[in-house]
Amino acid sequence: MKHPVLATYVLQVTIFKTQSIVYCTDGKIPYVRKGAQNLPCDTLEKIRRLELDKGISSFENEVVAESDFSDVDNSAVWEKFKNSIVPDTSTEAWLKKQRLFVDKKLTVAALLLFSDEPQICLPKRSSIKNFRYQTSGEAERDTLVGVPVTVEGCAYSQIYEAVSKTKEIIESIKKFGKEFETIEYPEEIVVDYLLKNDSITNRIGRNITGIKSENSMKRIFWKLRDAGMLYMIGAGSAAAWKKTDDFESKAKTLKVNKNKED
């Protein structure tokens, strides 16, 4: 754009993201812009990281040199998956079709999903660690409580066990009310309230659970609705949630299950 009086110009340049790495004019190395810096990617490790960040390649599609077909074939998790999902076909044929078995080697995704012990081939890169820090500020080594819990196994079991361990840690923490009390989940607090009242609003739910977001509170109500314990009446600001006829029997079942877990 040219200024009509000063005869100066304003040039706008739009540079779109690319799916490839752009090297500098000498063709030797690429640079990464970070703040006001141009940082050189002058090692294979940095270039590899750039490829992962740009999505040119992905970690889960990498072929693991130490892997072998036997790591998945006849594993407990694969047998369970095959019997539930996979049509009647050979293990090797299905893995190849899904690009999980390449050049007689398994990919990272194949090991994480279908090997009983992926950590053997992927040490330090395929486990979950649960840490608990006793602080209201930034987590530091000095505020670490106890020994971190390491969760291993296939991705399926890791996810469920990590959630279970986290729940166990949270429920072991005590809060100070009238006395030291066990921390309850929002669903439990809502259920306890409705055992004494016929209905609850979003505002009341947020007040008794400490949840600040209306949408987050709605998700708690939706969980209880899907469990057949609540139904909504009204709409907009006048909306409320009433308990179903069999609310109390379902609430007792929840209490029994929780006591068994404890």
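Below, the structure is looked at part by part. (Residues numbered from 1 in each chain as written. Predicted model: local features only at pLDDT ≥ 70, side-chain atom pairs only at ≥ 80, totals over all residues. Heavy atoms only, no water.)

**Comments concerning the overall build of the chain**
Part 1 of the argument: For the chain, the helix and strand inventory stands at 9 helices and 11 strands.
Part 2 of the argument: A globule of 262 residues ought to have a C-alpha radius of gyration of about 18 Å, yet the chain, at 27 Å, is considerably larger.
Part 3 of the argument: In terms of overall dimensions, the chain has C-alpha extents of about 75 × 75 × 45 Å along its principal axes.
Part 4 of the argument: A total of 262 residues make up the chain; the buried ones form 24% of that total.
Part 5 of the argument: In the chain, the share of contacts with a sequence separation of at least 24, taken over all contacts with a separation of at least 6, comes to 42%.
Part 6 of the argument: When the accessible surface of the chain is split by element, carbon and sulfur atoms take 53% of a total near 18,900 Å².
Part 7 of the argument: Treating the 41 positive side-chain charges of the chain as one cloud and the 38 negative ones as another, the clouds have centres 6 Å apart. (Helix = DSSP H or I, 4+ residues; strand = E, 2+ residues; numbered from the N terminus. Rg over C-alpha atoms; globule rule 2.2 N^0.38 Å. Buried < 20%, exposed > 50% of the residue type's maximum accessible area, 1.4 Å probe, protein only. Contact = heavy atoms within 4.5 Å. Areas by Shrake-Rupley, 256 points an atom, 1.4 Å probe, with all protein chains shown as cover. Lys, Arg positive; Asp, Glu negative; His and termini not counted. Charge placed at Lys NZ, Arg CZ, Asp CG, Glu CD.)

**Some thoughts on the packing of helix α6 (residues 186-194) against helix α8 (residues 214-226)**
Part 1 of the argument: The N-to-C vectors of α6 and α8 enclose an angle of 70 degrees; their axes lie 10 Å apart at closest approach. When the interaxial angle is binned, α6 and α8 end up roughly perpendicular. The handedness of the crossing between α6 and α8 is right-handed. Residues Pro-186, Glu-187, Val-190 and Val-191 of α6 pack against Met-217, Ile-220, Phe-221, Lys-223 and Leu-224 of α8. (Axes fitted to C-alpha atoms, helices over the stretch in contact; angles between N-to-C directions. Parallel < 35°, antiparallel > 145°, perpendicular 65-115°, else oblique. Left-handed = near helix turned anticlockwise from the far one by under 90°.)

**Thoughts on the nonpolar core**
Part 1 of the argument: Counting 18 residues, the largest nonpolar core has Trp-78, Trp-94, Leu-95, Leu-100, Leu-106 and Phe-114 as the members making the most contacts within it.
Part 2 of the argument: Put simply, the parts of the chain that give this core at least two residues each are α2 (76-84), α3 (91-97) and α4 (108-114).
Part 3 of the argument: Per-element tally for this core: the top contributor is α4, with 5 residues.
Part 4 of the argument: When neighbours within four sequence positions are excluded, Trp-94 is seen to be in contact with Trp-78, Phe-81, Val-86, Thr-89, Leu-100 and Phe-114. (Core = buried A, V, L, I, M, F, W, Y, C linked by side-chain atoms within 4.5 Å.)

**Section: the environment of Ile-21**
Part 1 of the argument: Positionally, Ile-21 belongs in the segment before β1 (31-34).
Part 2 of the argument: Taking the C-alpha atoms as reference points, Ile-21 and Ile-204, separated by 183 residues in sequence, lie 53 Å from one another.

**Examining the pattern of salt bridges**
Pairing of side chains with opposite charge becomes possible as their charged atoms draw close.
Part 1 of the argument: Using the criterion set out here, one finds 12 salt bridges in the structure.
Part 2 of the argument: The residue Asp-42 makes a salt bridge to Lys-46 at a minimum N-O spacing of 3.4 Å.
Part 3 of the argument: Lys-250 is paired through a salt bridge with Asp-246; the nearest N and O atoms lie 3.9 Å apart.
Part 4 of the argument: Assessed through its relative accessible area of 28%, Lys-250 is described here as partly exposed. (Salt bridge = Lys/Arg side-chain N within 4 Å of Asp/Glu carboxyl O.)

**Comments concerning the sheet that holds strand β10 (residues 230-233)**
Sheets are built from strands paired through backbone hydrogen bonds, the pairs being either parallel or antiparallel.
Part 1 of the argument: One open sheet holds the 3 strands; their spatial order is β9-β11-β10, and the pairing between them is antiparallel. In this open sheet, the two strands that pair with only one neighbour each are β9 (199-200) and β10. (Pairing = 2+ DSSP bridges.)

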